[in-house]
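What follows is the residue order along each chain.
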Amino acid sequence: MPSPTPPSRLFRGGRLFDGTQFLDATDLRCGPDGRITEIGTQLVAELGEEVTELDGRWLLPGLVDCHVHFREPGLVRKEGYGYGSSGALHGGVTTVCEIQNNPPLMDSLVTLKTKLENLRGISRVDYAPYGSLVEESLSDLAIMKKHCPAVKCFLGCSTGAGGVADEATLRRWFAAAAKAGIKVVAHCEDNDVMDAATEALRDDPDKFTRHDLRRSREAEVVSIDSAIAIATEVGAILHVFHISTFEGAARVTTAAARGMAVTGSTAPHYLLATADDTEAAVQNRFKVNPALKYEDDRVGIGNLVRQGMLPIVGTDHAPHPLDEKDRPYQKAPSGFPSIDLLLPLMFAAADLHQCSPEPFLHAVTQGPADEFALVQKGRLALGLDADLVIVDPSQKRVVDETTLLSRSGWSPYVGRELRGFPEQVFLRGNLVFADGATVGDPIGQPLMA
Ligand SMILES: [Zn+2]
């Protein structure tokens, strides 16, 4: 479906965040091509232009969520891009980098391009899904490079398909990615460490269902060490996703400081919750891989985000129906929906870390856009896509599951009071979300078709 031609728009009298800092400018104009054409102060409305008075509200770049699972194709009963991208807009997200972790994996150029095309007219946000780093994709990596921002590798097993546990295979896969010049994005948890922990807890009914003990700090750190060592050895470019431990994050930032091609990101829940503060009744809903860790980890990771050393946050939005999630611990799938709340969660993270919001907003705008070379996204600057979010950061609301737009219709954050829910969202100059609901037909486009 072709994008409609948006009107020329002028946003006036706001506080503009450019992806890194607040600007002195208060006004922004976008043209009928959906790009930002002017940023300044006291801009004068042109004839026929739609004018939005911001009255001091904030204007942000549309958020970029670099880690989501929308389960399309193959498991649309759990989400699909229609629901998932609606939830994204609710959270202020206009671009997703999405990971297929259910069959069919994105294991060839054909499957990837088919997916990209089939989502036209379905997705309400722009999208750049990752390829899969699996045996089947190795021969296609070089040609897949143009069509995806990176390839995803699961070290160890999580919920979903495509995990790898043995080092020789991993070395071969990383070497193939290095040869193709394509970045590897990785889920890092070590199977041997997790299996040993599970075995040791088997006779302790109190601890056996403690996800944080079975998927321990050590499991993540050992796996990150291994991934960094192998990537360095074979010359692969590595990004470690959803880091849950301070030590794991420190391994990544230290490697980067030594000039290695290693970066990392965390997820909102590791900035906001711990295995200790989660009430038992809610514990299963917060069951996620990697598991929530501890206060030292939460504070330490938050400090790295604040200092700009870990400048990327992705939700790991992983929807499951509530009846599946509320099964007994062993049978409940890991992961939970969170994209609907990304912007308020980042304000909450900044507040909890007693920090101004800039680095936390950067981590969901320019940070991921830079990391994955989404050059038109994540910033307010001339010539870039007019993906915009209007928000009043002083407005608070209690999370009400009935207002969320992604399919599963529940949230582990239910009942929390958050601030900074998006009021309006624009995608390439088109109003696509207002007053809690999507607007118009889906106009999301593939960024790397
Ligand atoms: Zn994930």
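Rules of the game
Residues numbered from 1 in each chain as written. Predicted model: local features only at pLDDT ≥ 70, side-chain atom pairs only at ≥ 80, totals over all residues. Heavy atoms only, no water. Helix = DSSP H or I, 4+ residues; strand = E, 2+ residues; numbered from the N terminus. Rg over C-alpha atoms; globule rule 2.2 N^0.38 Å. Buried < 20%, exposed > 50% of the residue type's maximum accessible area, 1.4 Å probe, protein only. Contact = heavy atoms within 4.5 Å. Areas by Shrake-Rupley, 256 points an atom, 1.4 Å probe, with all protein chains shown as cover. Pairing = 2+ DSSP bridges. Axes fitted to C-alpha atoms, helices over the stretch in contact; angles between N-to-C directions. Parallel < 35°, antiparallel > 145°, perpendicular 65-115°, else oblique. Nonpolar A, V, L, I, M, F, W, Y, C, P; charged D, E, K, R; others polar. Donors = N, O, S within 2.8 Å, 3.2 Å for Na, K, Ca; no water. Core = buried A, V, L, I, M, F, W, Y, C linked by side-chain atoms within 4.5 Å. Domains from an automatic or database assignment. Phe/Tyr/Trp six-rings, centres within 6.5 Å; stacked < 30°, edge-to-face > 60°. Salt bridge = Lys/Arg side-chain N within 4 Å of Asp/Glu carboxyl O.

Asks: Mind laying out the overall build of the protein chain, listing which residues take part and the relevant values?
Replies: Secondary structure assignment for the protein chain yields 16 helices and 21 strands. Taken over C-alpha atoms, the radius of gyration comes to 21 Å for the protein chain, in line with the 22 Å a tight globule of 449 residues would show. Across its three principal axes, the protein chain shows a C-alpha extent of roughly 70 × 45 × 45 Å. The proportion of buried residues among the 449 residues of the protein chain is 60%. In the protein chain, the proportion of contacts linking residues at least 24 apart, taken out of those at least 6 apart, comes to 74%. Approximately 16,600 Å² of the protein chain is accessible, and the part contributed by carbon and sulfur atoms is 51%.

Asks: I'd like a rundown of the sheet that holds strand β20 (residues 430–434), residues and numbers included.
Replies: Taken in spatial order, the 6 strands of this open sheet run β2-β6-β16-β19-β20-β21, and their pairing is mixed. A single partner strand is all that each edge strand has here, and the edge strands are β2 (15–16) and β21 (437–438). Pairing analysis gives 2 bridges linking β2 to strand β6 (residues 58–61), with the strands arranged parallel. What sits directly across from Arg 15, in β6, is Trp 58. Strands β6, β16 (388–391) and β19 (422–427) of the sheet are contacted by helix α14 (residues 342–352), whose axis makes an angle of about 60° with β16.

Asks: Break down the packing of helix α9 (residues 246–257) against helix α12 (residues 295–306) for me, with residues and values.
Replies: Two elements in contact, α9 and α12, have axes separated by 8 Å at closest approach and are oriented at 30°. Overall, the two elements α9 and α12 adopt an arrangement that is roughly parallel. Residue-level contacts link Phe 246, Glu 247, Ala 249, Ala 250 and Thr 253 of α9 to Asp 296, Asp 297, Gly 300, Ile 301 and Leu 304 of α12. The class makeup of the residues in the contact of α9 with α12 is 5 nonpolar, 2 polar and 3 charged.

Asks: Can you explain the coordination of the zinc ion? Please cite residues and give values.
Replies: Around the zinc ion, the protein contributes the donor atoms His 67 (NE2), His 69 (NE2) and Asp 316 (OD), at 2.0 to 2.1 Å from the metal centre. Mapping the donors of the zinc ion onto the primary sequence yields the spacing H-x1-H-x246-D.

Asks: Which residues make up the nonpolar core, and what values go with them?
Replies: If you look at the biggest cluster of nonpolar residues, it comprises 95 residues, and the most contacted ones within it are Val 96, Leu 133, Leu 141, Cys 153, Phe 174 and Leu 238. Top contributing element to this core by residue count: α14, with 8 residues. Built from parts of two domains, this core gets at least three residues from each of domain 1 (9–59 + 384–397 + 413–438) and domain 2 (62–371). Within the second largest apolar cluster, 14 residues are counted, among which are Ala 128, Tyr 130, Val 185 and Ile 312.

Asks: I'd like a rundown of the packing of aromatic side chains, residues and numbers included.
Replies: Applying the stated criterion across every chain yields a total of 11 aromatic pairs. Their ring planes at 70° and their centres at 4.9 Å tell us that Phe 22 and Trp 58 sit as a pair that is edge-to-face. With a gap of 36 residues between them, Phe 22 in the loop between β2 and β3 (27–30) and Trp 58 in strand β6 connect regions that are remote in the sequence. The buried category is assigned to Phe 22, whose relative accessible area is 16%. On the accessibility criterion, Trp 58 (10% relative accessible area) is buried. A centroid spacing of 5.7 Å and a plane angle of 50° characterise the contact between Trp 58 and Phe 347, whose relative ring orientation is tilted. Residue Trp 58 is found in strand β6, and its partner Phe 347 is found in helix α14; the two are separated by 289 residues along the sequence. Considered together, Trp 58 and Phe 347 belong to a single accessibility category, that of buried residues.

Asks: Provide a residue-level description of the sheet that holds strand β9 (residues 126–127), including the pertinent values.
Replies: One open sheet holds the 3 strands; their spatial order is β7-β8-β9, and the pairing between them is parallel. Only two strands of the sheet have a single partner each, and these edge strands are β7 (63–68) and β9. In the sheet, strand β8 (residues 93–98) pairs with β9 via 2 bridges, with the strands oriented parallel. When the bridges of β9 are listed, Thr 95 appears paired with Asp 126. Packed onto the sheet, helix α1 (residues 80–90) meets β8 and β9 and runs at close to 130° relative to β8.

Asks: Before we move on, can you summarise the pattern of salt bridges with the specific residues and values?
Replies: Scanning the model with the defined rule gives 28 salt bridges in all. A salt bridge links Arg 29 to Glu 49, with the nearest nitrogen and oxygen atoms 2.6 Å apart. Taken together, the residues span a long stretch of sequence, with Arg 29 in strand β3 and Glu 49 in the loop between β4 (36–40) and β5 (50–53) at a distance of 20 residues. A residue is classified by how much of its surface remains accessible, and Arg 29, at 5% relative accessible area, is buried. A salt bridge links Arg 210 to Asp 212; the shortest N-O distance between them is 2.8 Å.

Interpretation note: all reported values are geometric properties and have no functional meaning in isolation.
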